[in-house]
Amino acid sequence: MSLGGASLLLLAIAALALALGAYPVTPPLLATVLWSKLRGLPETNTAAATVIFAIRGPRILGAMLVGAALSSAGAAYQGLFRNPLVSPDILGVSSGSALGAVAGIFLGLPVAGIEATAFIGGLFAVLAVYGIAAAVRGRDPLLVLVLSGVVIGALMGSGVALLKFLADPENQLPAITFWLLGSLASFDRGDLLVVTVPVVVALLPMILLRWQLDVMTLGDEEASALGVNVRLVRASVVAAATLMTAAAVAVSGIVGWIGLVVPHIARLTIGPGFARLLPMATLLGAGFLLLVDTAARTLGTIELPLGVLTAVVGTPVFLLLLARGGRGWS
Amino acid sequence: MDRGLAVSGLSFGYHRRAVGRDASFTVAPGAVLCLLSANGGGKTTLFKTILGLLPPIAGTIAIDGEDTAPWQARRRARAFGYVPQSGAGQFPFTVREMVLMGRAAHRSAFAAPTAADHEATGRALESLGIAHLAERDWLRISGGERQLALIARALAQEPQVLVLDEPTANLDFGNQARVLQHTRNLAAQGLAILFSTHHPEQAFACATEVALLHRGALVQIAAPERAITSETMSLLYGIDVEIVSFGASTKACVPRG
């Protein structure tokens, strides 16, 4: 599959997602509403306009942004850590953001406040992991980084468990549980801004450093001998990928597997060169989460949790990759 | 001013604990210096220090008379081409993409490869006779082909000095000879070459000088015939060795016993 093919696929999924739901929006109806909006004509079909611009549209864009963010962050981490089994969870970012958000819910903060605490939690986790890795010297730095990520992630997870234990079982506990499962049900236009800005800001260093990232996959010594400023590139890309992950987790909760499986599939389709891998991972991640989110809101009479759906899809795909990819992870 | 690589009074090691002390030698353009050392003799640490991957504890490393201490990774990568023992790449890049990575130091960090980069990549593949491998998956070629690709990548760096860390380890007999042949040719084209090996007779085949590194000290630097004797080999490897000659130039080291 080429980048053009992936773009078309994403457009098709978006059209499908817009059409499906309690109020179906057919392509002709969509064209009519968009046309009158573009020309500034008075709205004839206000119900359709509300669905497109206020409800389904933002949620579709949100799903694409969150999927793209998790997937490109995963692609960057996998290259940096030279391990295709690595995902945004590796630096404890997801768990840190989760603890932040749960603390926000626990304190009864408004949605914007919850997003802010999720963000702070994610950044705190990655700084803690980095601090530990910097303090422990004389060992394989990547191993230390990955292990500190696991340890900090576990600590954050026990923080979440404590807050759940303390939470009011009538109101807070269901909200926390629901959020932890991952959902875009309450995504609105305000959230769109909250997630777009950090994702775009974080994409920039990844795009700029795309050629250096290829060299980084050879390991510190070879990359350094080939003229790459290893520390600077790693710090910039880890910061960018972490920002993306925190922004995604802040608006959608814990949606696992995308950062692990989608970059892997992107690499299978277009090769490991980051200049092509990054756009491919972005497109496929956006399309995948949009598809999953559309299924989540249309399959049952109630919304299904996103994290559960991505796990159901992700686990067999991952096992398949594991079974056939033992050699060299191509 | 010395042309090529000049190392003087170099102490090298990790975290200020010296593995080796007071190493001094030069490698002029066109020369091939073969470094012999037993396992744990400090060879890898010395190479890493010369390449700037480890800070030196004392002493200087100069290229064409210019001290390399203040150089950034980019500047170093244009002076030193590095051929690791076996590439650490884990992702399925093509051989061409792998060699193209040798050009990273020749453009700004944000820039895409230029036409000049692609030309240099093509030339490097040609000069090692592996142009036919260009589109093959790096992970699916043989060890010998991979070693040649790594040498091509180092050539694409357009360096003055080529540093090869045990380039023939893990290679079969034919590929060992092939790599040594290329090493000789590259020196003839004006590169200064520093390589290490565990096979002393390889020094007879392609080195202009041999350096013996014993427990962190350079005990001798001389022409292969003078440096490789039963005495020095016994000192280095701790076994009795006989140097056997076949005809005028071919020699072999045979353990006695």
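Residues numbered from 1 in each chain as written. Chains lettered and ligands numbered in written order. Predicted model: local features only at pLDDT ≥ 70, side-chain atom pairs only at ≥ 80, totals over all residues.

Enquirer: Got a minute to help me understand the overall build of chain B in this structure?
Expert: Along the backbone of chain B there are nine helices and 12 strands. Its C-alpha atoms give chain B a radius of gyration of 18 Å, near enough to 18 Å, the size a compact globule of 257 residues would have. By its C-alpha atoms, chain B is 55 × 40 × 35 Å across when sized along the principal axes. Counting only residues that meet the buried cut, chain B has 46% of its 257 residues in that class. A sequence separation of at least 24 residues applies to 66% of the contacts in chain B between residues at least 6 apart. (Helix = DSSP H or I, 4+ residues; strand = E, 2+ residues; numbered from the N terminus. Rg over C-alpha atoms; globule rule 2.2 N^0.38 Å. Buried ≥ 20, exposed ≤ 12 C-beta atoms within 10 Å, placed from the backbone. Contact = placed C-beta atoms within 7 Å.)

Enquirer: Just checking my understanding: could you explain the overall build of chain A for this structure?
Expert: Helices and strands together make up the secondary structure of chain A, namely 14 helices and zero strands. The linear arrangement of helices and strands in chain A, starting from the amino end, is α-α-α-α-α-α-α-α-α-α-α-α-α-α. Compactness check: chain A gives a C-alpha radius of gyration of 20 Å against a globular reference of 20 Å for 330 residues, within 12% of the reference. Principal-axis analysis of the C-alpha atoms gives chain A an extent of 70 × 50 × 40 Å. Across the 330 residues that make up chain A, the buried fraction comes to 49%. A separation threshold of at least 6 residues defines the contact pool for chain A, and within that pool the share at least 24 residues apart is 75%.

Enquirer: Explain helix H12 (residues 258–270) of chain A here, please?
Expert: Helical geometry note: an α-helix holds 3.6 residues per turn, so side chains three or four residues apart project in the same direction. All names here are of chain A. Taking 1.5 Å of rise per residue, 13 residues should cover 18 Å, and H12 covers 18 Å from first to last C-alpha, within 8% of that figure. For H12, the complete set of buried residues consists of Ile 258, Gly 259, Leu 260, Val 261, Val 262, Pro 263, His 264, Ala 266 and Arg 267. Looking one or two places after H12, you find Gly 271, whose phi comes out positive at around 90°. (Expected span 1.5 Å × (residues − 1).)

Enquirer: What exactly am I supposed to notice about helix H5 (residues 143–156) of chain B here?
Expert: Residue and element names in this part refer to chain B. Here H5 contains 14 residues, and its C-alpha end-to-end distance of 20 Å stays within 8% of the 20 Å for a straight helix at 1.5 Å per residue. Most of H5 is tucked away, with 11 of its 14 residues classed as buried. Taken residue by residue, H5 has Arg 146, Gln 147, Leu 148, Ala 149, Leu 150, Ile 151, Ala 152, Arg 153, Ala 154, Leu 155 and Ala 156 as its buried positions. Next to the buried residues of H5 lie strand S6 (80–83), helix H3 (95–100), helix H4 (115–127), strand S7 (161–164) and helix H6 (173–188).

Enquirer: Quick question: what am I supposed to make of the nonpolar core here?
Expert: For soluble globular proteins, nonpolar side chains are generally found buried alongside one another. Counting residues in hydrophobic clusters, the biggest one holds 178 residues, and the most contacted among them are Ala152(B), Val163(B) and Ile193(B). Of the residues forming this core, the biggest block, 15 residues, is contributed by helix H3 (residues 46–80) of chain A. Setting aside anything within four residues of it in sequence, one finds Ile193(B) in contact with Val27(B), Val32(B), Leu33(B), Leu162(B), Thr183(B), Leu186(B) and Ala187(B). (Core = buried A, V, L, I, M, F, W, Y, C linked by C-beta atoms within 7 Å.)

Enquirer: Please clarify how the confidence of the model for chain B should be interpreted in this entry.
Expert: A low pLDDT means the predicted coordinates there should not be read in detail. On average, residues of chain B score 92 in pLDDT, and 98% of them reach the 70 mark or higher. For this predicted complex, the interface score ipTM comes out at 0.92, while the overall pTM is 0.89. (pLDDT = per-residue confidence, 0-100.)

Enquirer: Help me understand unusual backbone geometry, please; the structure alone is not making it clear to me.
Expert: Outside of glycine, negative phi angles account for most residues, and trans bonds account for most peptide bonds. Residue and element names in this part refer to chain B. Of note, His 15 is a non-glycine position whose phi angle comes to about 50°, a positive value. Structurally, His 15 can be placed in the loop between strand S1 (5–14) and strand S2 (17–27). Although it is not a glycine, Glu 166 sits at a positive phi angle of roughly 45°. In this structure Glu 166 comes out as buried when scored by C-beta crowding, with 20 C-beta atoms within 10 Å.

Enquirer: Looking at this model, I keep getting lost on the pairing of S1(B). Mind explaining?
Expert: Regular strands place side chains that alternate from one sheet face to the opposite one. Residues and elements named next belong to chain B. The sheet contact formed by S1 and S2 spans seven bridges and is antiparallel. Each bridged residue has a counterpart across the sheet, and for Tyr 14 the counterpart in S2 is Arg 17. Where S1 folds back onto S2 in an antiparallel hairpin, the turn is made up of two residues, including His 15, whose phi is positive at roughly 50°. Sheet topology places S1 next to strand S4 (residues 58–63); five bridges connect them, and they run antiparallel. Across the sheet, Ala 6 pairs through a bridge with Ala 62, a residue of S4. (Pairing = 2+ DSSP bridges.)

Enquirer: How do you make sense of the interface of chain A and chain B when you look at a structure like this?
Expert: Interfaces are frequently sized by the accessible area removed from exposure as the parts join. Tallying the contact residues gives 26 residues for chain A and 27 residues for chain B. When its residues are assigned to classes, the side of chain A that touches chain B shows 11 nonpolar, 11 polar and four charged. (Nonpolar A, V, L, I, M, F, W, Y, C, P; charged D, E, K, R; others polar.)

Enquirer: Would you take a moment to explain the packing of helix H2 (residues 27–38) of chain A against H3(A) for this structure?
Expert: Packed helix pairs are characterised by how far apart their axes lie and by the angle those axes make with each other. Residue and element names in this part refer to chain A. At a minimum axis separation of 10 Å, H2 and H3 run at an interaxial angle of 85°. In terms of axis orientation, H2 runs roughly perpendicular to H3. Side by side, H2 and H3 meet where Leu 29, Leu 30 and Val 33 of the first sit next to Ala 48, Ala 49 and Ile 52 of the second. Taken together, the residues of the contact of H2 with H3 break down into six nonpolar, no polar and no charged. (Axes fitted to C-alpha atoms, helices over the stretch in contact; angles between N-to-C directions. Parallel < 35°, antiparallel > 145°, perpendicular 65-115°, else oblique.)

Enquirer: Whenever I open this one, the environment of Leu306(A) confuses me. Can you help?
Expert: Residues and elements named next belong to chain A. With respect to the secondary-structure elements, Leu 306 resides in helix H14 (residues 306–324). For the pair Leu 306 and Ala 296, spaced 10 residues apart in the sequence, the C-alpha separation amounts to 6.5 Å. Discounting residues that sit within four places of it in the chain, Leu 306 has contacts with Gly 182, Ser 183, Leu 184, Ser 252, Val 255, Val 292, Asp 293 and Ala 296.

Enquirer: Teacher, can you tell me more about the packing of H4(B) against H5(B) here?
Expert: Residue and element names in this part refer to chain B. Their axes nearest at 8 Å, the elements H4 and H5 cross at an angle of 140°. The pairing of H4 with H5 is recorded here as oblique in orientation. Like other packed secondary-structure pairs, H4 and H5 cross with a definite hand, here right-handed. Side by side, H4 and H5 meet where Ala 120, Thr 121, Ala 124, Leu 125 and Ser 127 of the first sit next to Ala 152, Leu 155 and Ala 156 of the second. Its residues placed into classes, the contact of H4 with H5 shows six nonpolar, two polar and no charged. (Left-handed = near helix turned anticlockwise from the far one by under 90°.)

Enquirer: Would you mind going over the sheet that holds strand S5 (residues 66–67) of chain B with me for this structure?
Expert: The strands making up a sheet associate through hydrogen bonds between their backbones, and the pairing can be parallel or antiparallel. All names here are of chain B. Strands sit in the order S2-S1-S4-S5 across an open sheet of four strands; the sheet is antiparallel. In this open sheet, the two strands that pair with only one neighbour each are S2 and S5. Contacts from helix H1 (residues 43–51) reach S1, S2 and S4 within the one sheet, and its direction differs from that of S1 by about 120°.

Enquirer: Would you explain the environment of Ala75(A) in this entry?
Expert: Residues and elements named next belong to chain A. Position of Ala 75 among the secondary structure elements: in helix H3. For Ala 75, a count of 29 C-beta atoms within 10 Å corresponds to the buried category. Taking the C-alpha atoms as reference points, Ala 75 and Leu 9, separated by 66 residues in sequence, lie 20 Å from one another. When residues no more than four places from it in sequence are discounted, the contact partners of Ala 75 are Pro 263, Ala 266, Leu 277, Leu 278 and Ala 281.

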